[in-house]
Amino acid sequence: MNIALLDDLMSDAEYLNNLIQQCAYENNISLKTSIYTDVSEFFKDIEKYDFSAVFIDILMPGTNGIDLARKIREINKSVPIIFVTTEKSFALEGYDVHAFDYIIKPAPPSRITDILKRLNDTVNEYTITINKNHTVINIPASSLIYAEARGHNVYIHTNSATYKVYMSFKDFIDLLPDNKSFFVYSRGALVNFENVISISNDTLIMNNGINLHISRSKVSEIKTSYADYIFKKTRRVTLLTKY
């Protein structure tokens, strides 16, 4: 992982950096860190380097971490952002930038370890890479809820945003992992079984509250495929628990 630490105080940044390096070493997580006390230098590098995550101090002279995170989102829609703060009250303000987590100073090693492990899982997860308005966006495959073709565009609905991308539906399908969790439930429409709560008659009940209508010709096939997906998923979890 390539992690950026953004803090106006070098002493605080170095303390967090040492803690991150220690927790990463103890948990066999490979990473490198870059410290930035100058916001302008960070924004020069964010377009050159593919950061896996950005740790931002919320309280900085002349600006704040929330505003910086909004600027980051204009460049990179999906990089995990972790806020570092002494004030719990700032947590709610981070929802619109989809913060990955928050660290309340001083952070115990267990918190850092938990965040690093989840970041590592996120980085290693299969991602769907799209190009929208000259911005590269990496979408974790598990976050995709459903996608639908309209004209020459594909609308990709995830648990945090909807992306309109100029491409064919076939080309989009080719971007997906071959793990049997994605299924075409109607013409030009695809669902991720991972985010299905249940199937009721000819309707897919999704975990974001959306109901998707299944094409009549697909009802039987999708119910069988979903049942097979759930069986294999449950069996895998049972085996992991047992052993």
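Residues numbered from 1 in each chain as written. Predicted model: local features only at pLDDT ≥ 70, side-chain atom pairs only at ≥ 80, totals over all residues. Heavy atoms only, no water.

Below, the discussion takes up the overall build of the protein. Along its length, the protein carries six helices and 17 strands. Here the contacts in the protein between residues at least 6 apart in sequence split such that 51% fall between residues at least 24 apart. Accessible surface computed for the protein: about 13700 Å², of which carbon and sulfur atoms make up 50%. (Helix = DSSP H or I, 4+ residues; strand = E, 2+ residues; numbered from the N terminus. Contact = heavy atoms within 4.5 Å. Areas by Shrake-Rupley, 256 points an atom, 1.4 Å probe, with all protein chains shown as cover.)

Between its terminal C-alpha atoms helix 1 (residues 10–26) stretches 24 Å, which fits the 24 Å expected from 17 residues at 1.5 Å a residue. Of the residues flanking the end of helix 1, it is Asn28, one or two places downstream, whose phi is positive at about 55°. (Expected span 1.5 Å × (residues − 1).)

A word on the nonpolar core. In this structure, Phe55, Ile112 and Leu116 are the most contacted members of the largest nonpolar core, which totals 20 residues. Going through the elements one at a time, strand 1 (2–6), helix 1, strand 3 (53–57), strand 6 (81–85) and helix 4 (109–124) are the ones with two or more residues in this core. Element by element, the count of residues in this core is highest for helix 1, at five residues. Discounting chain neighbours no more than four positions away, the residues touching Leu116 are Met1, Ile3, Ile20, Cys23, Ala24, Ile29 and Leu31. Core analysis: the next-biggest nonpolar cluster, separate from the first, contains 19 residues, Phe43, Val54, Ile72 and Val79 among them. (Core = buried A, V, L, I, M, F, W, Y, C linked by side-chain atoms within 4.5 Å. Buried < 20%, exposed > 50% of the residue type's maximum accessible area, 1.4 Å probe, protein only.)

Moving on to the pairing of strand 9 (residues 135–140). Taking every second residue as pointing to the same face, the buried face of strand 9 carries Thr135, Ile137 and Ile139, while none of Val136, Asn138 and Pro140 on the other face is buried. Judged from the six bridges that link them, strand 8 (residues 127–132) and strand 9 form a sheet pairing that is antiparallel. In the strand pairing of strand 9, Thr127 is matched with Pro140. Linkage of strand 8 to strand 9, two consecutive antiparallel strands, is achieved through a turn of two residues, within which Asn133 is found at a positive phi near 55°. (Pairing = 2+ DSSP bridges.)

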